Amino acid sequence: MTTAALIVAAGRGSRVGSAIPKQYVPLRGECGLSMCLRAFLAHPHIARVQVVINPQDRARYEAVASCWPERISPPVAGGATRQDSVRAGLQALKSDPPNRVLIHDAARPFVSAELISRVLEALRTNAAAIAALPVTDTLKHAGGGAIIRGTVNRVGLWRAQTPQGFEFGAILDAHEAAYAAGRGDFPDDAAVAEWAGIDVALVAGDERNIKLTTAADLAMAAALAAGAAIPTVVRTGIGFDVHRFAEGDHLWLCGVRIAHTARLEGHSDADVAMHALTDAILGAIGEGDIGEHFPPSEEQWRNAPSRAFLADARRRVEARGGRVANVDVTIICEEPKIAPHREAMRKKIALLLGIDLERVGVKATTTEGLGFTGRKEGIAALATACVELPTRGAGEVPTAT
Ligand code: MG
């Protein structure tokens, strides 16, 4: 049973009034699309994620998605309407079809692991299930001049949210049939499914899973993000690594390619600093080390970019509801000179970890010509990481299907 997440991020968000589309507006240092990707990629039952974007946002999208290069399929371009965009995303997934798909709007950045689990659980016994909340406000029907014409009975009325989950083949067929019938006016995917005769179950939504539509929503979301998940446990970890020089013309340090008179030898890209940093984060949460999760004996990690290892460590922290608070890396070598690359390294790490630049330290030192680094036989790196975890539930991954 495989499940894909389809994130719809093709909208331009004209009602928000910001210069950039709302899903790319930073909320506490991380944009809404990034928060959505993080939520779905951290969930143990989501095999891969497909994002539908507006081609005009390609550069913004790449900046976000480059943090998680492994399980995100190449983006597809959206259409004129949300319905067109979803159909494009479903068609892209068809080449390697999942059993189930969760369709989610990037405008809902506060989607939680629990909510994803609830929808998945409902899909065990239903062909379709969506997150929704009962209407609690009294509903008025107004005519011209904002004069009430009547009061609507709210019994049995629900507010639909996303994620909306479906058997993949069923929702793809429903979308294709709607398109063939010239129906392009459905407000969400549940409506497409209903039209196609599919029973859609309701599962409890989440009041925090708000949709960013207006400038006021964005302001509220920024406040929510600032107050979210107040951490109460702080843990630290340490990492150390060494790689020897070999014949070559460039090497990788902290995800930055540096032209040099030698390369670093290793099974992956031999980014010694990224390895020390990854081990520091894994150490802080007591989850082994890089060699355990990405064994050099496995061919798939040959020449692998080490950012994949760091992204994995971040996912492990976030699967526990935590976040990386700060990291500090010391690179020990006589050459190459680190200073010209230091800011690029800090930016790369900050982006990969989704944290502010001020939370990333990169330093370098020589050993005054002493020892193996002094003899220019290789480079050593040392790193520390500080991780914040919620007291209750730390270490628990939500159970689901
Ligand atoms: Mg290493």
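Overview of the structure.

About the thresholds
- Sequence positions are assigned chain by chain, starting from 1 and proceeding in written order.
- For a predicted model such as this one, the threshold for reporting local features is a pLDDT of at least 70, and the threshold for listing and counting side-chain atom pairs is 80 or more; totals across whole chains, interfaces and linings nevertheless cover every residue.
- With hydrogens and water excluded, all non-hydrogen atoms of the structure serve as input to the side-chain values.
- The helix count covers DSSP runs of H or I at least four residues long, the strand count covers runs of E at least two residues long, and both are numbered beginning at the N terminus.
- By definition, residues are in contact when any of their heavy atoms lie within 4.5 Å.
- Exposure categories follow from relative accessible area, calculated using a 1.4 Å probe and restricted to protein chains: below 20% of the type maximum is buried, above 50% is exposed, and the middle band is partly exposed.
- Here the rule is simple: two strands pair whenever DSSP picks up at least two bridges between them.
- Nine residue types can take part in a nonpolar core, namely buried Ala, Val, Leu, Ile, Met, Phe, Trp, Tyr and Cys, and a core is a set of them joined through side-chain atoms within 4.5 Å.

1. Considerations on the environment of valine 52
Right, so step 1: In this fold, valine 52 is placed in strand S4 (residues 48-53).
Right, so step 2: Along the primary structure valine 52 and serine 73 are separated by 21 residues, whereas in three dimensions their C-alpha atoms are 10 Å apart.
Right, so step 3: Sequence-distant contacts of valine 52, defined by excluding residues within four places in its chain, comprise Leu6, Ile7, Val8, Ala9, Ala10, Val76, Ala77, Gly78, Ser85 and Gly89.

2. Comments concerning the pairing of S4
Right, so step 1: Burial analysis of S4 places six of its six residues in the buried class, which makes it a mostly covered element.
Right, so step 2: Taking every second residue as pointing to the same face, both faces of S4 are buried, with Arg48, Gln50 and Val52 on one and Val49, Val51 and Ile53 on the other.
Right, so step 3: The sheet contact formed by S4 and strand S5 (residues 76-77) spans two bridges and is parallel. Opposite isoleucine 53, over in S5, you have alanine 77 as the bridge partner.

3. Remarks on the nonpolar core
Right, so step 1: Among the nonpolar cores identified, the biggest contains 42 residues, and Leu253, Ile281, Ile331, Met345, Ile349 and Ile379 are the most heavily contacted of them.
Right, so step 2: A per-element tally of this core places helix H8 (residues 272-284) first, with nine residues.

4. Let's talk about unusual backbone geometry
Right, so step 1: A cis amide bond links threonine 162 to the next residue, proline 163, at an omega of 10°.
Right, so step 2: Its place among the elements puts proline 163 in strand S10 (residues 158-167).
Right, so step 3: In this structure, the amide linkage connecting glutamate 335 to the following residue, proline 336, adopts the cis form with an omega of 5°.
Right, so step 4: Examined against the element boundaries, proline 336 turns out to sit in the loop between strand S16 (323-332) and helix H11 (342-353).
Right, so step 5: You will see that alanine 146, though not glycine, has its phi angle at about 55°, which is positive.
Right, so step 6: As for its placement among the helices and strands, alanine 146 is situated in the loop between strand S8 (139-142) and strand S9 (148-152).

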